[in-house]
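Structural overview for review
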Amino acid sequence: MSIESVSRESRVFPPPASFSERAHLKTREEYEAMYQRSIEDRDGFWREQAEAFHWFEAPETICEWTPPHAKWFVGGKTNLAYNCLDRHLGTRGNKAAIIWEGEDGEVITLTYRQLHRDVCRAANAMEKLGVGAGDRVGIYMGMVPEAAVIMLACARIGAIHTVIFGGFAADAIRDRLNDAEAKLVVTQDGAWRRGKVIPLKAQVDKAITDCPTVKHTLVVKRAQNEIDMEPGRDKWWHDMMAVVSGKHEAPALDSEHPLFILYTSGTTGKPKGVLHTTGGYMVGTTLTSKYVFDLRDEDVYWCTADVGWITGHSYIVYGPLSNGATALMYEGAPNHPDEGRFWEMIERHGVTIFYTAPTAIRAFIKWGERWPMEHDLTSLRLLGTVGEPINPEAWIWYRNVIGRGECPIVDTWWQTETGGMMLTPIPGVTPTKPGSCTLPFFGVSPKILREDGTEAEANEGGLLVIDQPWPSMLRTVWGDDERFRQQYFSKFEGKYFTGDGARRDEDGYFWVMGRVDDVVNVSGHRLGTAEVESALVGHKAVAEAAVVGRPDELTGQSLVAFVTLKGGFSGGDALKAELIDQVGQEIGKFARPSDVRFADGLPKTRSGKIMRRLLKQLAAGVTDLGDTTTLEDASVLDKLRQ
Ligand code: PRX
């Protein structure tokens, strides 16, 4: 059975001519020609793209594909840190690589030369601690420059990093470190968040009492909070960095040398360690950064993600640096000291490209236009989003209020598993439609399939599948190749199943409807909840909405909407009726929620995704909600329960 798409969004925004004229890619014809080539002559296309990088030994075979296993740039020897740093020293040595801003306002600029020196030192320091190629290194840090330094240092020596988001607590850290069998953990005394110190080292101490493989910790001093240092095991970063050389020769690593493991929560069971390798990830993230952000040397590029997520890996650290770009990195919260922080920073640093998540945009909308209005945002030339379907109203707000109606928006669809962007506009080329991630990137072959494996018609919702390998794809699940096969390649033999529902419209544009686990069946209509949410958020009172199904005797499932309101509005029966009516008007009577519940906040993961599983249970009246450790703010649930 297919998934019914009820979105009726039809606005189209062509790229401004002034943008296209100066862009890397300027016309639809250019994109089409490159795209066709990338599909029809895959190896030829990628061989040419790979020539832009430094290879100690050139690849022999471009792609070996024995589903579900792919190898890219086989026989090639390279080094990702070399390509991000050493390669630029001759031409951009004194250019800012990372501009870092602390929550307290301190700013540190690291030029390519300085970053190179620090990465070399960190590489030497790790080698001194007995860490070498293939060893696993846990990184549990906040958004400090040392986090990027240590990631690059791992890439340099061939150690496999696994960054554990700084919001996770001891149990989650322990499970990840043990699954990866990490030898070293890099952390900091504490991290700043909304003016408070989050004690990171203390969490690591707790976790590693149960991690037999961990031999050392390396601790960055950031918050000056009191911590325990176990002699022999724990080392201060500044002590180690002071006694090692700033020179380090990057070794030639195999293209398929493992680069990092990043854990992503599955819907059930223990987190999956998604494994990415060197050459393919390098080429994929570099090329997407270049064309999707249209990166130029004079840009100040800001991605607001945390390095603990794939977006931080691919689009704060590796992709931008490999392009020789200047990336802004911010330590703290978006509303500290007030809700104008981001806009104040954009103005002060002259940010030209801004990449954030729909959940953040909805928060900006809730906080109100007055915050961005107080600042001069005219330096911005391009906006991006990632992480969830963006509802058209938020898209339009982003375009008008942040982008002055002039900046193209790139709505980029991708996953931890894909390593880099997959479905995305090219900003100088692709006319955009609010809520659509538009067209495939080079080398990406997406299909919308029905359950039986046949292809869906235009506008018929189905399952989003990628049927050809691409360079930055995950290689396996760490330590569990069978789970890799089962999870991603068993639904449709030999094809990568994304887990998302989507449709492709009459222009070939993709509209992602969310995880298929969230599809609700109301009276035989299978609906992606994102579209109903979008209809709700279209109402002037609504800041954010999450719609889930609950069992219903009459209709199979019925929809329950959880709604948070913008400042100045309060919930009540009248508004409830208005919202239900709004969905009826926009989508159809069958999609009207049977209940609307007003809330102060919605339960979210630490990466900002709404935890619909919990809402489903609440809607169905389940009292034991199971594992809630990935929740960002547990108090939200208590309020919803009342
Ligand atoms: O459901 C899609 C949604 O986020 C999922 C991937 O999550 P994660 O691995 O945490 O990576 C997030 C950052 C790449 C996808 O399966 N998603 C991500 N981007 C979009 C999106 N849904 C719609 N539109 C997007 N632009």
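Residues numbered from 1 in each chain as written. Predicted model: local features only at pLDDT ≥ 70, side-chain atom pairs only at ≥ 80, totals over all residues. Heavy atoms only, no water.

1. Considering the overall build of the chain
The helix and strand inventory of the chain stands at 20 helices and 31 strands. Relative to its length of 642 residues, the chain is compact, with a C-alpha radius of gyration of 24 Å against a globular reference of 26 Å. Structurally, the chain occupies a C-alpha span of about 70 × 55 × 50 Å along its principal axes. Burial analysis of the chain (642 residues in total) assigns 63% to the buried set. Considering only contacts in the chain between residues 6 or more positions apart, those separated by 24 or more positions represent 70%. Summing over all exposed atoms, the chain offers an accessible surface of approximately 23,700 Å²; the carbon and sulfur share of this is 48%. (Helix = DSSP H or I, 4+ residues; strand = E, 2+ residues; numbered from the N terminus. Rg over C-alpha atoms; globule rule 2.2 N^0.38 Å. Buried < 20%, exposed > 50% of the residue type's maximum accessible area, 1.4 Å probe, protein only. Contact = heavy atoms within 4.5 Å. Areas by Shrake-Rupley, 256 points an atom, 1.4 Å probe, with all protein chains shown as cover.)

2. Observations concerning the sheet that holds strand E25 (residues 496-504)
With antiparallel pairing, the 4 strands of this open sheet are ordered in space as E22-E23-E25-E26. Strands at the two margins of the open sheet, each flanked by one partner only, are strand E22 (446-449) and strand E26 (510-515). Neighbouring strand axes in the sheet, compared pairwise and without regard to direction, differ in orientation by 45° on average. Sheet topology places strand E23 (residues 462-466) next to E25; 4 bridges connect them, and they run antiparallel. By the bridge assignment, Val465 is partnered in E25 with Phe497. (Pairing = 2+ DSSP bridges. Axes fitted to C-alpha atoms, helices over the stretch in contact; angles between N-to-C directions.)

3. Examining the site of the ligand
For the ligand, the set of nearby residues contains 16 residues, the closest of which are Asp411, Thr412, Gln415, Thr416 and Asp500. Note that an oxygen atom of the ligand is positioned 2.9 Å from one of the side-chain N or O atoms of Asp500. For the ligand, an oxygen atom lies 2.9 Å from a polar atom in the side chain of Arg515. Contact with the protein chains hides 89% of the accessible area of the ligand, taken as 540 Å² for the molecule alone. Listing elements by their share of the shell around the ligand, those giving two or more residues are helix H11 (310-322), strand E21 (409-412) and E26. For the shell around the ligand, a count of residues per class yields 6 nonpolar, 5 polar and 5 charged. (Near = heavy atom within 4 Å. Polar contact = N/O pair within 3.5 Å; in protein donor to acceptor, adjacent residues only side chain to side chain. Nonpolar A, V, L, I, M, F, W, Y, C, P; charged D, E, K, R; others polar.)

4. Quick look at the nonpolar core
Formed by 118 residues in total, the largest nonpolar core has its most connected members in Leu115 and Phe442. Counting residues per element, this core draws most heavily on helix H6 (residues 145-157), which supplies 10 residues. Val300, Trp302, Trp343 and Ala360 belong to the second-largest nonpolar core, a separate cluster that totals 31 residues. (Core = buried A, V, L, I, M, F, W, Y, C linked by side-chain atoms within 4.5 Å.)

5. Some details on the sheet that holds strand E18 (residues 326-330)
Strand order across the open sheet formed by 7 strands is E6-E5-E18-E17-E19-E20-E21, with mixed pairing between neighbours. The open sheet has two edge strands with one neighbour each: strand E6 (107-111) and E21. Mean inter-strand twist for the sheet, computed between neighbouring axes without regard to direction, equals 20°. By the bridge criterion, 3 bridges tie strand E17 (residues 300-303) to E18 in an arrangement that is parallel. Bridge pairing in E18 links Tyr301 to Ala327.

6. A short note on the packing of aromatic side chains
Between two aromatic rings, the relevant description is the distance of the centres plus the angle of the planes. Taken as a whole and assessed by the stated rule, the structure comprises 38 aromatic pairs. Between the aromatic rings of Trp46 and Trp72, the centroid separation amounts to 6.2 Å while the plane-to-plane angle is 80°, which identifies the pairing as edge-to-face. Of this pair, Trp46 sits in helix H3 (residues 42-50) while Trp72 sits in strand E3 (residues 69-74); the two residues are 26 residues apart in sequence, bridging distant segments of the chain. Comparing Trp46 with Trp72, the two get one shared label, buried. (Phe/Tyr/Trp six-rings, centres within 6.5 Å; stacked < 30°, edge-to-face > 60°.)

7. Here's the deal with the domain arrangement of the chain
As assigned here, the chain comprises domain 1 (41-354 + 362-380 + 473-492) and domain 2 (523-641). A straight line from the C-alpha centre of domain 1 to that of domain 2 covers 34 Å. Across the contact, 7 residues belong to domain 1 and 11 residues belong to domain 2. Summing both sides of the interface, domain 1 and domain 2 together bury roughly 820 Å²; the carbon and sulfur share of this comes to 58%. The three residues of domain 1 that bury the most area against domain 2 are Trp309, Arg362 and Lys366, which together make up 58% of that side's buried surface. Inspection of the domain 1/domain 2 interface yields 1 salt bridge. With a shortest N-O distance of 2.6 Å, Glu544 and Arg362 are connected by a salt bridge. (Domains from an automatic or database assignment. Buried area = accessible area lost by both parts, 1.4 Å probe. Salt bridge = Lys/Arg side-chain N within 4 Å of Asp/Glu carboxyl O.)

8. Focus: the pattern of salt bridges
Within this structure, the stated rule accounts for 50 salt bridges. Linking Lys433 and Asp505 is a salt bridge whose minimum nitrogen-to-oxygen distance equals 2.8 Å. Placement of Lys433 in the loop between E21 and E22 and of Asp505 in the loop between E25 and E26 is noted, with a sequence separation of 72 residues between them. Looking at Lys433, the relative accessible area reads 6%, which means it is buried.

9. Looking at helix H17 (residues 529-537)
With 9 of 9 residues buried, H17 is to be regarded as a mostly interior element. Here H17 has its buried residues at Thr529, Ala530, Glu531, Val532, Glu533, Ser534, Ala535, Leu536 and Val537.

10. Comments concerning the pairing of strand E19 (residues 353-356)
Alternating positions in E19 separate into two faces, Ile353 and Tyr355 on one and Phe354 and Thr356 on the other, with burial throughout. Bridge count between E17 and E19: 3 bridges; the pairing is parallel. Each residue of the ladder has a partner; that of Trp302, found in E19, is Phe354. Pairing geometry for E19 and strand E20 (residues 382-386), over 4 bridges, is parallel. Counterpart to Phe354 in the pairing with E20 is Leu383.

11. Describing the pairing of E3
Where strand E2 (residues 61-66) lies against E3, 5 bridges are found, and the strand directions are antiparallel. Note that in E3 the partner of Thr61 across the bridge is Val74. Taking the residues that link successive antiparallel strands as the turn, the E2-E3 hairpin has 2 residues.

12. Points about unusual backbone geometry
Pro67 connects to Pro68 through a cis peptide bond whose omega is 5°. Relative to the assigned elements, Pro68 resides in the loop between E2 and E3. A cis amide bond links His336 with the next residue in sequence, Pro337, at an omega value of 0°. In this fold, Pro337 is placed in the loop between E18 and helix H12 (341-349). Phi at Arg404 is positive, roughly 55°, even though this residue is not glycine. Summarising the element assignment, Arg404 is placed in the loop between helix H15 (392-402) and E21.

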